[in-house]
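Chain by chain, the residues run as shown.
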Amino acid sequence: MLTEKIHIAVPTAFFDDESINVQGTITHIKDLYKQGVKSVLVSGTTGEQHSLNLQEKIELINGIELEEELISNMEVIFGVASIRQKEAEELAEKIRHSKISGIMLGYPPYVIPTQQEAIVYTERIIHLSNKPTILYNNPKRTGFDLSEKSIIQLSTNDLVVGIKDAGNKEKVERIKKGMNNVLYFYAGGELNLEEKVLHGYDRLSSIAGNVLPAEISQWFQKMLMKQVVSKQESKKIENVMEQVYQGNAILNLKKHINNKGIQMGDCRNPIGNI
């Protein structure tokens, strides 16, 4: 089970030649841990997942597993997605024999499987990883939209604990009515977060938490409990939202992290071409 209500989707560090910088990524996770962060999503949804090949993802897992304090005290969720199911299966098997806490399972971009094909893919990866799973539905990025019927069917698997970006208010309501068990609804990032919470989202896959983790977490917790956010807190949140979401969020995050002295590097082109 994944118990944390918020995890931070961390960017992947790269060297100048665009090769992966595992240690840079881990240094950033360590910095978040020191600030009280209890859960991170690695190789996830910061726009870089599909630029990583299978070997690079395995290198990330191996590097994290060497960090005994992190892997013992944090929920480390790992993003599993690939254009080819075969590679997603290999990654899932690697994760099965690791101390990774859970997976976020994305769908192949561009190829647009049928709903039934997506269900078979999902069940296969979950079976191989044998880890708590958050389904990740992102039609804007992949071209594929997991239907409410498919979500309800997959939710009968005890390892499926949540869904990220399930859809609009009506879709979320229909999913909740159709399920017999509890499924967590993860909002992807902080944009329109208050509206999403009103629609039934109860967990957060945070982007801005890379910059101000404690403040973002507190703000979200207050939102869930319908508590009043002070003007001072609101101002801080507005400032960080502007820093992160004005322009390209991943570029902004990396610039902020680099400025702290952590070697995060740039993005892989074409991100950052301008």
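Up top you'll find the structure we're talking about.
Presented here is a report on the structure given in the accompanying data block.

Criteria and thresholds
Residues numbered from 1 in each chain as written. Predicted model: local features only at pLDDT ≥ 70, side-chain atom pairs only at ≥ 80, totals over all residues. Heavy atoms only, no water. Helix = DSSP H or I, 4+ residues; strand = E, 2+ residues; numbered from the N terminus. Rg over C-alpha atoms; globule rule 2.2 N^0.38 Å. Buried < 20%, exposed > 50% of the residue type's maximum accessible area, 1.4 Å probe, protein only. Areas by Shrake-Rupley, 256 points an atom, 1.4 Å probe, with all protein chains shown as cover. Lys, Arg positive; Asp, Glu negative; His and termini not counted. Charge placed at Lys NZ, Arg CZ, Asp CG, Glu CD. Patch = residues over 30% accessible without salt bridge, like charges linked within 9 Å, V, L, I, M, F, W, Y side chains within 5 Å. Salt bridge = Lys/Arg side-chain N within 4 Å of Asp/Glu carboxyl O. Core = buried A, V, L, I, M, F, W, Y, C linked by side-chain atoms within 4.5 Å. Contact = heavy atoms within 4.5 Å. Pairing = 2+ DSSP bridges. Right-handed = clockwise from strand over helix to strand, strands pointing away. Phe/Tyr/Trp six-rings, centres within 6.5 Å; stacked < 30°, edge-to-face > 60°. Lys NZ or Arg CZ within 6 Å of the ring centre and 35° of its normal.

**Focus on the overall build of the protein chain**
- What the protein chain contains, in helices and strands, is 12 helices and 8 strands.
- Taken over the C-alpha trace, the protein chain has a radius of gyration of 18 Å; the compact-globule value for 274 residues is 19 Å, and the two agree within 12%.
- Expressed as lengths along the three principal axes of its C-alpha atoms, the size of the protein chain is roughly 45 × 45 × 40 Å.
- Taking all 274 residues of the protein chain together, the buried fraction comes to 51%.
- Taken as a whole, the protein chain presents about 13,200 Å² of accessible surface, with 49% of it coming from carbon and sulfur.
- Both charge centroids of the protein chain, one from 32 positive and one from 34 negative side chains, sit 4 Å from each other.

**Topic: a nonpolar patch on the surface**
- On the surface, Ile83, Tyr110 and Val111 cluster together into a nonpolar patch covering about 380 Å² of accessible area.
- Within the secondary structure, Tyr110 sits in the loop between strand E4 (102-105) and helix H5 (115-129).
- Residue classification places Tyr110 among the exposed positions, given a relative accessible area of 76%.

**Things to note about the nonpolar core**
- Of all hydrophobic cores here, the largest spans 77 residues; its most connected members are Val40, Val42, Leu146 and Phe185.
- In terms of residues, this core owes the most to one element, H5, which gives 6 residues.
- When near neighbours in sequence (up to four residues on either side) are disregarded, Val40 contacts His7, Ile8, Val10, Ile29, Leu32, Met74, Glu75, Val76 and Ile77.

**Focus on the pattern of salt bridges**
- Counting across every chain of the model gives 11 salt bridges.
- Between Asp31 and Lys260 there is a salt bridge whose closest N-O contact spans 2.6 Å. Here the residue Asp31 occupies a position in helix H1 (residues 22-34), and Lys260 occupies one in the segment after helix H12 (249-259), the gap between them amounting to 229 residues.
- Note that Glu215 and Lys236 form a salt bridge whose closest N and O atoms lie 3.4 Å from each other. Of the two residues, Glu215 sits in helix H10 (residues 213-224) while Lys236 sits in helix H11 (residues 231-245), which places them 21 residues apart along the sequence.

**Observations regarding the pairing of strand E8 (residues 203-206)**
- Burial along E8 is two-sided: the face carrying Arg203 and Ser205 and the face carrying Leu204 and Ser206 are both buried.
- Where strand E7 (residues 184-188) lies against E8, 3 bridges are found, and the strand directions are parallel. Each bridged residue has a counterpart across the sheet, and for Tyr186 the counterpart in E8 is Arg203.
- Between the parallel elements E7 and E8, the chain passes through helix H9 (residues 193-199) in a crossover that is right-handed.

**Description of the pairing of strand E6 (residues 160-164)**
- Within E6, 5 of the 5 residues are buried, which leaves the element mostly enclosed by the surrounding structure.
- The sheet contact formed by E6 and E7 spans 3 bridges and is parallel. Of the residues in E7, the one forming a bridge with Gly162 is Tyr184.
- Handedness of the crossover joining E6 and E7 through helix H8 (residues 169-178): right-handed.

**Structural notes on the packing of aromatic side chains**
- Evaluated as defined, the whole model comprises 3 aromatic pairs.
- Centre to centre, the rings of Phe185 and Tyr201 are 6.2 Å apart; their planes meet at 80°, and the pair counts as edge-to-face. Here Phe185 is found in strand E7, whereas its partner Tyr201 is found in the loop between H9 and E8, with 16 residues between them in sequence.
- Phe185 sits in the buried class, given a relative accessible area of 0%.
- Seen from the ring of Tyr184, Arg203 lies directly overhead, with NZ or CZ sitting 3.5 Å from the centre.

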